[in-house]
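Coordinate analysis (summary)
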Amino acid sequence: MNHAADPLSDVPDEALVVLYARGDRLAARTLTLRLMPRLLGYAGRLLGGDRAEAEDVTQEAMMRLWRMAPDWRQGEARVSTWAYRVVTNLCTDRMRARRRRGGAETIGDHPELASATPGVEAQMIAADRMAALQAALAALPERQREAVVLRHIEGLANPEIALILEIGVEAVESLTARGKRTLTALLAGQRAELVEGEG
Amino acid sequence: MMMGKTELDDLLAAAGQAQMEPSEALIARVLADAEAMQRPLPAALRARAPQPPKGLWQRLAEALGGAGAMAGLGTAVVVGLAFGLLQPTSLSLVTGGYMALENTQTGTDAELFPDMTLFLTEDQG
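Residues numbered from 1 in each chain as written. Chains lettered and ligands numbered in written order. Predicted model: local features only at pLDDT ≥ 70, side-chain atom pairs only at ≥ 80, totals over all residues.

Remarks on unusual backbone geometry
All names here are of chain A. Phi at E166 is positive, roughly 55°, even though this residue is not glycine. If you trace the backbone, E166 turns up in the loop between helix 8 (158-165) and helix 9 (169-186). The exposure class assigned to E166 is exposed, which follows from the 10 C-beta atoms found within 10 Å. (Helix = DSSP H or I, 4+ residues; strand = E, 2+ residues; numbered from the N terminus. Buried ≥ 20, exposed ≤ 12 C-beta atoms within 10 Å, placed from the backbone.)

Focus: the interface of chain A and chain B
Tallying the contact residues gives 35 residues for chain A and 29 residues for chain B. Listing elements by their share of the side of chain A that touches chain B, those giving two or more residues are helix 2 (25-46), helix 3 (51-68), helix 6 (129-139), helix 7 (142-153), helix 9 and helix 10 (191-198) of chain A. Of all the elements, helix 2 of chain A adds the most residues to the side of chain A that touches chain B, at nine residues. Of the residues contributing to the side of chain A that touches chain B, the split by class is 17 nonpolar, nine polar and nine charged. (Contact = placed C-beta atoms within 7 Å. Nonpolar A, V, L, I, M, F, W, Y, C, P; charged D, E, K, R; others polar.)

Some thoughts on the packing of helix 1 (residues 13-21) of chain A against helix 2 of chain A
All names here are of chain A. Contact geometry for helix 1 and helix 2: axes closest at 8 Å, N-to-C directions at 140°. Regarding the angle of helix 1 to helix 2, the classification is oblique. In the packing of helix 1 onto helix 2, the handedness of the crossing is left-handed. Listed contacts from helix 2 to D13, L16, V17, L19 and Y20 of helix 1 are A27, A28, T30, L31 and R34. The residue makeup of the contact of helix 1 with helix 2, split by class, is seven nonpolar, one polar and two charged. (Axes fitted to C-alpha atoms, helices over the stretch in contact; angles between N-to-C directions. Parallel < 35°, antiparallel > 145°, perpendicular 65-115°, else oblique. Left-handed = near helix turned anticlockwise from the far one by under 90°.)

Quick notes on the nonpolar core
Residue and element names in this part refer to chain A. Of all hydrophobic cores here, the largest spans 59 residues; its most connected members are L39, A43, A61, A83, V87, C91 and A136. The greatest single-element share of this core, amounting to 10 residues, is contributed by helix 2. Each of two domains, domain 1 (8-106) and domain 2 (107-199), supplies a minimum of three residues to this core. Aside from chain neighbours lying at most four places away, what touches A43 is A54, V57, T58, V87 and C91. (Core = buried A, V, L, I, M, F, W, Y, C linked by C-beta atoms within 7 Å. Domains from an automatic or database assignment.)

Observations concerning the environment of A:H152
Residues and elements named next belong to chain A. Within the element layout of this structure, H152 appears in helix 7. Note on H152: 20 C-beta atoms within 10 Å, which makes it buried. The spacing of H152 and T176 is 24 residues in sequence and 8.6 Å in space, taken between C-alpha atoms.

Details of helix 1 of chain A
Residues lying three or four places apart along an α-helix face the same way, a consequence of the helix completing one turn every 3.6 residues. Residues and elements named next belong to chain A. When we look at burial in helix 1, the residues that qualify are L16, V17 and Y20. Projected down its long axis, helix 1 carries its buried residues within an arc of 105°, all on one side. The secondary structure elements touched by the buried residues of helix 1 are helix 2 and helix 4 (79-101). At the exit of helix 1 stands G23, carrying a positive phi of roughly 100°. (Arc of directions from axis to C-beta.)

Some details on the packing of helix 2 of chain A against helix 7 of chain A
Residue and element names in this part refer to chain A. At a minimum axis separation of 10 Å, helix 2 and helix 7 run at an interaxial angle of 140°. Considering the angle they form, helix 2 stands oblique to helix 7. Viewed along their axes, helix 2 and helix 7 form a crossing whose handedness is right-handed. Here Y42, R45 and L46 of helix 2 come into contact with helix 7, specifically with R145, E146, V149 and I153.

So, the confidence of the model for chain B
Residue and element names in this part refer to chain B. Averaged over all residues, the pLDDT of chain B equals 70, while 48% of them reach at least 70. Helix 2 (residues 24-37) holds the highest mean pLDDT among the elements of chain B, 95, whereas helix 7 (residues 100-106) holds the lowest, 53. Interface scoring of the predicted complex returns ipTM 0.77; its pTM is 0.63. (pLDDT = per-residue confidence, 0-100.)

Take a look at the structure:
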């Protein structure tokens, strides 16, 4: 897919929100192309790779951005931070709804069950290293998964993650550390397969 | 065998490089939402558009309380001018009936506002 270059590349997200609120259509397109790939990827990671659901969440998050644009107060938060927070909350709601329905996501808060879950185990055996990672991420407790994805996949700094998850920086450090330890444990036994994948 | 820390970091970094590209259909839906929710230019901003400067009378009317106040003021001015410019008629036309006795003796009209000489005149006995 080849989208036109960002014509407002020098304009910060916050200013684009204000421009959108004032009726600028180009600002809406620029914001969409700038934010959506990151939000979609993040939602996909949190939702276990379910693209359709990740698209729904991303569209809803962008809808909320358009809705609140007239009331946006510059200087209070970065637009991307706000958007990540919305996606996090929407994904949390969906994961909880899944659990209530007894759906696929049943091990999010019980990583110790991951190795005993046929779905995850079978996927880790059969899939490539990204699928294995996705399965391991899906098996992480919710907050650990959010922190690990934001820190190590989205590449955000701990203070920004703290704002997104509405916790302290120390709690972020603790979550990412525990998350990585859990990931390492979940991916144990897959090392040979992963090394082969790199070769 | 446990997975090494560096390998996990590499795997996570590789995952970060593999972005999930939004489809054209999703972009179209999001932009349609944006357009549907975009408000027209707010009235507050329209009011700030350049406007011709206010004239003297408009500013004066606003200072005095609006068009109603200006109308009342204009009426007062006209009435004042009328009182000042119109030639007063003889008082006798109005008061002649009431002051007939006094006036018939002197043969003059009543003087409601006598000049100062009346008060300065001393009785010579």
